[in-house]
Amino acid sequence: MTKPVTNYPTDQLLRYTFLEQDVRGELVQLSTSYQRMILGHHYPAPVQRLLGELMAATSLLTATLKFEGRISIQIQGDGPVNFIAVNGSHHQELRGIARVRSEISDDLNDLRTLMGAKAVLVITLTPEVGERYQGVVSADADSISKVIEDYFMQSEQLRTRIWLFADGEHAAGMMLQVMPAQGTTLEAFEHLEHLTSTMTAAELFKLPGTQVLHRLYHEEHVEVYPPQPVTFKCGCSREGTMEALASVSAEELQDILREEGAVVMNCEYCQTEYRFTEKDLTV
């Protein structure tokens, strides 16, 4: 039975900076958007959690973009889950998908076990103006957060800590990062890491974002910026799906129409069904 989408007063991202330590932070809390992303897919519980964590991570990284455009975060491997991806835009519009090729028990949570030891992380940045960039690093780690932390250290030499949580209903994440070309000491950053690590998943799922920040950093000088809403948006359309059919030969389409009476295509992200009859496909 499909679980109904539940509305929660979250689905937003908060950005903040520590004025005395030259460290920036982000906090994202997802519920309705996360539930909408997994609705109808019947993913095993570990895959739901993995997608929730990657959705939160993508939102956090999207907020670091210095341009208008899109970001795609993929993990490809040879484990029971061989592909997982979330795409996001600078408007915090996200969509995601996972591909599972073998049975997974509900108690599997380790990334390496789910994706395989040969997994790789692929981050693709696509600005609306300018050149596309793609970075690839090993995803041989226990968690998505550790993989992305390693990515930042390798690609940008920025000290970064990420916390990710998901339970099939809620997803959330926090990130701390040293601001580029600043003089933050390791001791100062580790102090903020320690404070942030005291937050539990349950608190992050249930407390308002501003209350979370006050609970963690009430003795710090923090500037919090206006929240940005986060939404699930697939982007598919009947027109776009019909354009995709242009790559299928007329003969093959006619065969399908004779056998099935219609050409049916399902969006792999949102599960929307598009049905085309012979009349629809006649130019």
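Residues numbered from 1 in each chain as written. Predicted model: local features only at pLDDT ≥ 70, side-chain atom pairs only at ≥ 80, totals over all residues. Heavy atoms only, no water.

1. Considering the packing of aromatic side chains
To describe a pair of aromatic rings, you give the distance between the ring centres and the angle between the ring planes.
Here's step 1: The final tally for this structure, using the stated rule, is 4 aromatic pairs.
Here's step 2: Note on Tyr-16 and Phe-18: the rings are 5.7 Å apart at their centroids and 80 degrees apart in plane angle, and the pair reads as edge-to-face.
Here's step 3: When the centroid spacing of 5.7 Å and the interplanar angle of 75 degrees are considered together, the rings of Tyr-151 and Phe-152 count as edge-to-face.
Here's step 4: We classify Phe-152 as buried; its relative accessible area is 3%. (Phe/Tyr/Trp six-rings, centres within 6.5 Å; stacked < 30°, edge-to-face > 60°. Buried < 20%, exposed > 50% of the residue type's maximum accessible area, 1.4 Å probe, protein only.)

2. Structural notes on the pairing of strand β4 (residues 81-89)
A regular strand places its side chains on the two faces of the sheet in alternate fashion.
Here's step 1: Most of β4 is tucked away: 8 of the 9 residues are buried.
Here's step 2: Note that strand β3 (residues 69-76) and β4 share 7 bridges and pair antiparallel. When the bridges of β4 are listed, Ile-71 appears paired with Gly-88.
Here's step 3: Linking β3 to β4, which pair antiparallel, is a turn of 4 residues.
Here's step 4: Counting the residues in the hairpin turn of β4 and strand β5 (residues 93-100) gives 3 residues, including Gln-92, whose phi is positive at 60 degrees. (Helix = DSSP H or I, 4+ residues; strand = E, 2+ residues; numbered from the N terminus. Pairing = 2+ DSSP bridges.)

3. Observations concerning unusual backbone geometry
Comment: phi is negative for the bulk of residues other than glycine, and the bulk of peptide bonds are trans.
Here's step 1: The phi dihedral of Asp-22 is positive, around 55 degrees, even though this residue is not glycine.
Here's step 2: On the secondary structure map, Asp-22 appears in the loop between β1 (12-18) and β2 (23-30).
Here's step 3: For Gln-92, which is not glycine, the phi torsion reads 60 degrees and is therefore positive.
Here's step 4: Within the secondary structure, Gln-92 sits in the loop between β4 and β5.
Here's step 5: Taking the relative accessible area as the measure of exposure, Gln-92 reaches 1% and is therefore buried.

4. Re the side chain of Glu-53
Here's step 1: Relative to the helices and strands, Glu-53 is located in helix α2 (residues 45-62).
Here's step 2: Nearest to the buried, unbridged Glu-53 among oppositely charged side chains is Arg-49, at 6.6 Å.
Here's step 3: Leave out the neighbours within four places in its chain, and Glu-53 touches Ile-144, Leu-164, Phe-165 and Ala-166. (Lys, Arg positive; Asp, Glu negative; His and termini not counted. Salt bridge = Lys/Arg side-chain N within 4 Å of Asp/Glu carboxyl O. Contact = heavy atoms within 4.5 Å.)

5. Remarks on α2
For the α-helix, the turn length of 3.6 residues means that residues three or four positions removed from each other point alike.
Here's step 1: Taking 1.5 Å per residue as the helical rise, α2 with its 18 residues ought to reach 26 Å, and the 26 Å between its terminal C-alpha atoms agrees with that figure.
Here's step 2: Taken across its 18 residues, α2 has 16 buried, putting it largely inside the fold. (Expected span 1.5 Å × (residues − 1).)

6. A short note on the sheet that holds β5
Here's step 1: Strand order in the open sheet formed by 6 strands is β7-β6-β3-β4-β5-β12, with mixed pairing between adjacent strands. On the outer flanks of this sheet lie β7 (133-138) and β12 (231-232), each paired with one strand and no other.
Here's step 2: Note: β3 against strand β6 (residues 120-127), 8 bridges, orientation antiparallel. Looking at the pairing, Arg-70 lines up with Thr-126 of β6.
Here's step 3: Set on the sheet, α2 makes contact with β3, β4, β5 and β6; between it and β4 the angle comes to about 35 degrees.
Here's step 4: Sitting on the sheet, helix α4 (residues 144-155) touches β3, β6 and β7, and the angle it makes with β7 is about 120 degrees. (Axes fitted to C-alpha atoms, helices over the stretch in contact; angles between N-to-C directions.)

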